[in-house]
Amino acid sequence: MIKYLSSLASFTLIAIAFSAFTFLPAKPWKVDKAHSAVTFSINHLFTPVEGRFDQFDGRFVFDPENLSESEADFTIKVSSVNTQQQKRDTHLQSADFFNAAEYPEMRFQSTRFKKKKGEYVVYGNLTIRDVTKEIALPFKVLGVGPHPMMEGAQVMGIQAETTLLRSDFGVGTGSWAATMVVGDEVSVKINLEATTK
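For the structure given in this document, a descriptive report is provided here. (Residues numbered from 1 in each chain as written. Predicted model: local features only at pLDDT ≥ 70, side-chain atom pairs only at ≥ 80, totals over all residues. Heavy atoms only, no water.)

### What about the overall build of the protein chain?
Regarding its fold elements, the protein chain presents 2 helices and 11 strands. Going from N to C terminus, the protein chain has its helices and strands arranged as α-β-β-β-β-β-β-α-β-β-β-β-β. For the protein chain, buried positions account for 38% of its 197 residues. With an accessible surface of roughly 12,200 Å², the protein chain has 58% of that area assigned to carbon and sulfur atoms. (Helix = DSSP H or I, 4+ residues; strand = E, 2+ residues; numbered from the N terminus. Buried < 20%, exposed > 50% of the residue type's maximum accessible area, 1.4 Å probe, protein only. Areas by Shrake-Rupley, 256 points an atom, 1.4 Å probe, with all protein chains shown as cover.)

### Observations concerning the pattern of salt bridges
One pass over the full model with this rule turns up 6 salt bridges. Note that D57 and K33 form a salt bridge whose closest N and O atoms lie 3.8 Å from each other. Of the two residues, D57 is situated in strand β4 (residues 56-62) and K33 in the loop between β1 (27-31) and β2 (37-44); the sequence distance between them amounts to 24 residues. Of the residues examined, D57 reaches a relative accessible area of 37% and is grouped as partly exposed. Measuring nitrogen to oxygen at the nearest pair gives 2.9 Å for the salt bridge that ties D54 to R52. (Salt bridge = Lys/Arg side-chain N within 4 Å of Asp/Glu carboxyl O.)

### Observations regarding the pairing of strand β8 (residues 119-128)
In terms of burial, β8 is largely enclosed, as 7 of its 10 residues are buried. Note: strand β7 (residues 105-116) against β8, 9 bridges, orientation antiparallel. The residue bridging K114 from the neighbouring strand is V121, located in β8. (Pairing = 2+ DSSP bridges.)

### Details of the nonpolar core
If you look at the biggest cluster of nonpolar residues, it comprises 41 residues, and the most contacted ones within it are F53, F60, F62, F74, F98 and F139. It is strand β11 (residues 182-195) that contributes the most residues to this core, 6 residues altogether. The contact partners of F53, leaving out residues within four places of it in the chain, are V38, F40, I76, K77, V78, S80, V81, F98 and M106. (Core = buried A, V, L, I, M, F, W, Y, C linked by side-chain atoms within 4.5 Å. Contact = heavy atoms within 4.5 Å.)

### Let's talk about the pairing of β4
Where burial is concerned, most of β4 is hidden: 5 out of the 7 residues are buried. Relative to β4, β1 runs antiparallel, the two being bridged by 4 bridges. If you follow W29 over to β4, its bridge partner there is F60. Both β4 and strand β5 (residues 71-77) contribute to a ladder of 6 bridges, which runs antiparallel.

### Observations regarding the packing of aromatic side chains
On inspection of all chains with the given rule, the structure shows 8 aromatic pairs. Plain terms: the ring middles of F53 and F98 are 6.1 Å apart, the flat faces sit at 80° to each other, and that makes the pair edge-to-face. Here the residue F53 occupies a position in strand β3 (residues 47-53), and F98 occupies one in the loop between α2 (86-93) and β7, the gap between them amounting to 45 residues. Across the pair, F98 and F53 agree in class, each one buried. Relative to F113, the ring of F62 lies with its centre 5.9 Å away and its plane at 35°, an arrangement referred to as tilted. One end of the pair, F62, is in strand β4; the other, F113, is in strand β7, with 51 residues separating them in the sequence. We note that F62, like F113, is buried. (Phe/Tyr/Trp six-rings, centres within 6.5 Å; stacked < 30°, edge-to-face > 60°.)

### Concerning unusual backbone geometry
With phi around 55°, L45 is a residue other than glycine that occupies positive phi space. Structurally, the position occupied by L45 is in the loop between β2 and β3.

### Topic: the side chain of H147
Within the fold, H147 resides in the loop between β9 (131-146) and β10 (154-165). Residue contacts for H147: discarding those within four places in its chain leaves A153, Q154, V155 and T195.

### A short note on the environment of K30
Summarising the element assignment, K30 is placed in strand β1. Overall, the relative accessible area of 52% leaves K30 in the exposed class. Separated by 164 residues in sequence, K30 and A194 place their C-alpha atoms 5.2 Å apart. Leave out the neighbours within four places in its chain, and K30 touches E193, A194, T195 and K197.

Right, dumping it as structure tokens:
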């Protein structure tokens, strides 16, 4: 009987410890914008043209062992588009493309996280202009560890890549937009460095 009670007590303690571990809140991470980048590539005729958005911000809560409580909310300033060609950047901000005056931000809000084949996918709603669509954004965790320059903090690297269709969001108008002058597929790459402080 004593042996049975001892075993039962041990099992109970293990179950409590496991439950406490399982339901610990996922960690909040702050984006280190100085070491992060949002870039894209789209064809002009036959040639890929690359660009980036210089102003973005976000908050996310992420734990590989607690995906159910993980979440992300990310915004990009449309006026910060940078293709290293001022005339083109101004055109991209116009009503022909992003219409930055009326829709100054793009926003992604997560709905759920999943793990697939050693990597992750975050599903969520992407809003560009006045169109919101659900997308799947695959990403890799490049590494997690103590931050060498921030005592008590951790640092994490994330890389995400996906392809969007600009026509899905009404970006690009006029007869030229329906031809091969500007491609429909946009390759997007996001490199994020984040810290727990």
